[in-house]
Amino acid sequence: MHECKCKRSLAGFSSVLFVVLSLVKVFLSQSPEAACLSAEDISPSSNGPRDDDPDDLFAGVDGGSVSGQSRPQSGRVRPLAGPDEEENRDTFDIQISVSDPEKVGDGMNAYMVYKVTTKTSLSIFSRDEVCVKRRFSDFLGLYSKLASKYMHMGYIVPPAPEKSIVGMTKVKVGKEDLSSVEFVEKRRSALERYLLRTVKHPALLKDPDVLQFLESSELPRAVSTQALSGAGILRMVNKAADAVNKMTIKMNESDAWFEEKQQQFENLDVQLRKLHASVESLVCHRKELSVNTASFAKSAAMLGNSEDHTALSRALSQLAEVEEKIDQLHQDQSYADFYLISELLGDYVRLITAVKGVFDQRMKAWAKWQDAQVMLQRKREAEAKLQYANKPDKLQQATDEIREWEGKVQQGERDFEQISKNIRREVGRFEKDRVKDFRVVIIKYLESLVHTQQQLIKYWEAFLPEAKAIA
Amino acid sequence: MMQEGLDDGPDFLSEEDRGPRAVNVDLQTDATLQVDISDALSERDKVKFTVHTKSTLPNFKQNEFSVVRQHEEFIWLHDSFVENEEYAGYIIPPAPPRPDFDASREKLQKLGEGEGSMTKEEFTKMKQELEAEYLAIFKKTVAMHEVFLCRVAAHPVLRKDLNFHVFLEYNQDLSVRGKNKKERLEDFFKNVVKSADGVLVAGVKDVDDFFEHEKTFLLEYHNRVKEASAKSDRKIRSHKNAADDINRIASTLYTLGTQDSTDLCKFFLKVSELFEKTRKIEARVAADEDLKLADLLKYYLRESQAAKDLLYRRGRALVDYENANKALDKARAKNKDVLQAETTQQVCCQKFEKISESAKQELIDFKTRRVAAFRKNLVELAELELKHAKGNLQLLQSCLGVLKGDT
């Protein structure tokens, strides 16, 4: 596993300070958001220089992390992180399925409703099994809320699936053809993967918006998503970060880890996109192959019919049957190509955009900190000038402002440290998940290829004696 | 730059390819006359075939000799058979199709133009692919020209043809130019007339059951073979496209493998290696399907056309015979030019009967050849498909074993 080395010089002291301050915040704060945020930051690693443990997130005191909507049981207090905590993380006890797409309404105002079923033994949920009905814009709404809450802190929030005007229009218009059925299935599967990724994230799982999404029967309609999609939000956030980057001088990267990681993700992005494009092409060609094989099978059957030598005629008909079975195989294989590999790659291309966004957020935090330092300097200079001018009330104001900006500088530095720490942890978790995801999917894919070859062998072995029987 | 390597035309025919390469036709080669194409050279826009003959027949000056021939000379030979009235009662072996490297050349050119947009490894790989494709087309055209000659050599009557002997022996250029525009236009009109005629002739019901059946059979069979041939070509093209995609996927996985900072790097490299190998097998599957199925269908498309042509000639002879009969009756009724009419009628009758007799045998042979060729190719196709599927399976399973064990 990739070890990240963090250079903690001054960080050690300020983290301890931060921990103390956060603890105070936890017990005094009323707002759910703040509670959620700060609790996560309590971790043993901040007590001194130590390599970041990516699974630290649940190390915090559970009771304090739950929002005002907490129920008595949820205040299960857990001791500070030990190695067992990591074990629990891996036996992740929640299953989510998205199923039963149903069309509601008619014409252009129609929409699809999906059933979201959550089965879990985690106590933050009120029941073992919950079923709710959600529509696509609900998912987008959830993502937009989570992104606005967590992205600026350096959390990698899984993006929601893309909107598709073309796909949805066909469905709305009521075309019952194969392509709209495929579209709905593709979307259903994407929504399911989206939810699973979201709850896999330890902080997001406990977020009240997520819990509300999964449990409550009525959800306020997310209106802003009509204009925005998951990717749209990411783009907006990234654009803001880009603007910031262009304005500020190049960040003095004191930590080579970040530079290295950014470059790695850049490279990964390029290659994954390329791979995705090739796989999409393969899916397309395999579908074509399936269609052409079916068409050939028919023509071979016709040829067999017109052949007047009996044994040859029979063999040709058998050939036609074999080809027909093979066409079905190709079709099944192309579905595997698609649902296993192509969609995974698409998901990761979007996820990496989120990762890059998070790195940009860090740069934004750094810029804010730098700006605060510049402001502080100016205020100090202004105060110095006022010292000579002898204007007591203005001097007082200047001194106040200095204190204010000192605070902002400290906050800026803290935020920057915090987001850097979060990102390290998030990236570690992300990479671990990535390795697992790809491994699992690729092995499944190879197994599907094995199955195809086994079937091919079966079919041709059945045909061979027929061909030999031509006399 | 790329053309150079191909135009040198080294001896593309490996040792294993010599000897009767009659893929589609089941022929008995006998010692009295053996013909094969021992060598071939591909130049910028033409192919030069070395036709090698071994014969114990007295007609030839030597027992073994070779000449160099080009495609046009094969066409000249074929056309001379078609135009020869004596051979009207035989299925004339179909002419080999013109060597067509245009598509392949175009692809190579496009590759050259796109050189900048891909990595060196990708470029080398694709270049090798295209060169292999070029080679495959080359081998095919050689095979088809050879099959034509072998068919002629195996035919009891055609093998004695004088033009054929000249073709085999005369070691100078036959100075056969390709047909010019005027001649090709004439051919075109001849074909139009023939097909119009063909419809007319086909409409005449034949008293002879055998020929009536053959006519119905061949008309339908020819159309179905055409369908099947076109569909099999499309299928094989899709297969090749899919194999190309797997090629690109393998390359990208390799790059990912070298770049990745996690344990996935080994994973990607292994899978990339796997796909490289399976892709080669997929490409071979497409190539074998092309050879055993698509080529077979194409060949029998041409042969069934030749058989249809035979039936047409017989039909024409029948119509001429019936017209001669009518003319004779009319002459007898008017008692004018009776002798002439009788002679004409005699000639027509003989011609018709001669054609009918040989046509019957030819059509029976055609069926025998066809059944044998299909059997051979379908068996070989199934065997190759099995071989490749088993190869693929083995690669996949061994890779899976390694990958699963690596956790």
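All values derive from a computational prediction rather than experimental measurement.

Section: the overall build of chain B
Of regular secondary structure, chain B possesses nine helices and three strands. Taken from the N to the C terminus, the helices and strands of chain B come in the order α-β-β-β-α-α-α-α-α-α-α-α. Contacts in chain B between residues far apart in sequence, at least 24 positions, make up 74% of those at least 6 positions apart. Carbon and sulfur atoms provide 53% of the accessible area of chain B, an area that totals close to 20,800 Å².

Here's the deal with unusual backbone geometry
All names here are of chain B. In this model, Asn335 sits at a positive phi of 55°, which is unusual for a non-glycine residue. By secondary structure assignment, the location of Asn335 is in the loop between helix H8 (264-334) and helix H9 (338-405). Of note, Asp337 is a non-glycine position whose phi angle comes to about 55°, a positive value. Secondary-structure assignment places Asp337 in the loop between H8 and H9.

Things to note about the interface of chain B and chain A
Counting from both sides, the interface comprises 64 residues of chain B and, opposite them, 56 residues of chain A. Carbon and sulfur atoms supply 71% of the area that chain B and chain A bury against each other, a total of about 5,500 Å² over both sides. Summed over the shared surface of chain B and chain A, the result is eight salt bridges. The shortest N-O distance in the salt bridge between Lys404 of chain B and Glu447 of chain A comes to 2.6 Å. Our enumeration of links across chain B and chain A arrives at 16 residue pairs in polar contact (both at pLDDT 80 or more). The set of elements that each furnish at least two residues to the side of chain B that touches chain A consists of helix H7 (209-259), H8 and H9 of chain B. The element contributing the most residues to the side of chain B that touches chain A is H7 of chain B, with 26 residues. By residue class, the composition of the side of chain B that touches chain A is 30 nonpolar, 13 polar and 21 charged.

Regarding the sheet that holds strand E2 (residues 111-120) of chain A
Residue and element names in this part refer to chain A. Taken in spatial order, the three strands of this open sheet run E1-E2-E3, and their pairing is antiparallel. In this open sheet, the two strands that pair with only one neighbour each are strand E1 (94-104) and strand E3 (129-135). Along the sheet, successive strands turn relative to each other by an average axial angle of 20°, direction set aside. Two strands pair when backbone bridges link them, and E2 and E3 are joined in this way by seven bridges, in the antiparallel orientation. For Lys115, the partnering residue across the bridge sits in E3 and is Lys133. Along the sheet, helix H7 (residues 178-200) contacts E1 and E2; its crossing angle with E1, the most-contacted strand, is approximately 150°.

Quick look at the pairing of E1 of chain A
Relative to E2 of chain A, E1 of chain A runs antiparallel, the two sharing nine bridges. Looking across to E2 of chain A, one finds that Ile96 of chain A is bridged to Thr118 of chain A.

Let's talk about the environment of Glu383 of chain B
Counting through the fold element by element, Glu383 of chain B comes out in helix H9. Overall, Glu383 of chain B belongs to the partly exposed group, its relative accessible area being 37%. If near-sequence neighbours (up to four positions away) are discounted, Glu383 of chain B is found in contact with Leu464 and Lys468 of chain A.

Here we look at the sheet that holds strand E1 (residues 33-42) of chain B
All names here are of chain B. Taken in spatial order, the three strands make up an open sheet running E1-E2-E3, and their pairing is antiparallel. Across the chains shown, the open sheet's two edge strands, defined by having one partner strand only, are E1 and strand E3 (64-70). This sheet shows a mean twist of 25° between the axes of neighbouring strands, independent of strand direction. Here E1 pairs with strand E2 (residues 47-55) via nine bridges, running antiparallel. Looking across to E2, one finds that Val35 is bridged to Thr53. Against the sheet, helix H4 (residues 120-154) engages E1 and E2, with an angle of about 155° to E1.

A few points about the pairing of E2 of chain B
All names here are of chain B. Burial runs high along E2: seven of the nine residues are buried. Remark: four residues form the turn of the hairpin made by E1 and E2, two consecutive strands paired antiparallel. With seven bridges connecting them, E2 and E3 associate as antiparallel partners. By the bridge assignment for E3, Lys54 is matched with Glu64.

Structural notes on the confidence of the model for chain A
Low pLDDT means the predicted atomic positions in that stretch should not be read closely. All names here are of chain A. Of all residues in chain A, 73% have pLDDT values of 70 or greater, and the mean over the chain is 77. Ranking the helices and strands of chain A by mean pLDDT puts helix H11 (residues 256-306) first, with 93, and helix H3 (residues 62-65) last, with 30. In this model residues 1-90 is a low-confidence stretch, pLDDT under 50, and it forms 114 contacts with partners more than four residues away in sequence or in other chains.

What to know about the pattern of salt bridges
All names here are of chain A. Counting across every chain of the model gives 56 salt bridges over all chains. Note that Arg429 is salt-bridged to Glu426, the shortest N-O span being 3.3 Å. One end of the pair, Arg429, and the other, Glu426, are both in helix H13 (residues 392-468), three residues apart, so they sit about a helical turn from each other. Each member of the pair, Arg429 as well as Glu426, carries the same accessibility label: buried. A network of salt bridges, in which partner residues are shared, links Arg193, Arg197, Lys200, Glu343, Asp347, Arg350 and Asp437.

What counts and how
- Residues numbered from 1 in each chain as written.
- Chains lettered and ligands numbered in written order.
- Predicted model: local features only at pLDDT ≥ 70, side-chain atom pairs only at ≥ 80, totals over all residues.
- Heavy atoms only, no water.
- Helix = DSSP H or I, 4+ residues; strand = E, 2+ residues; numbered from the N terminus.
- Contact = heavy atoms within 4.5 Å.
- Areas by Shrake-Rupley, 256 points an atom, 1.4 Å probe, with all protein chains shown as cover.
- Buried area = accessible area lost by both parts, 1.4 Å probe.
- Salt bridge = Lys/Arg side-chain N within 4 Å of Asp/Glu carboxyl O.
- Polar contact = N/O pair within 3.5 Å; in protein donor to acceptor, adjacent residues only side chain to side chain.
- Nonpolar A, V, L, I, M, F, W, Y, C, P; charged D, E, K, R; others polar.
- Pairing = 2+ DSSP bridges.
- Axes fitted to C-alpha atoms, helices over the stretch in contact; angles between N-to-C directions.
- Buried < 20%, exposed > 50% of the residue type's maximum accessible area, 1.4 Å probe, protein only.
- pLDDT = per-residue confidence, 0-100.

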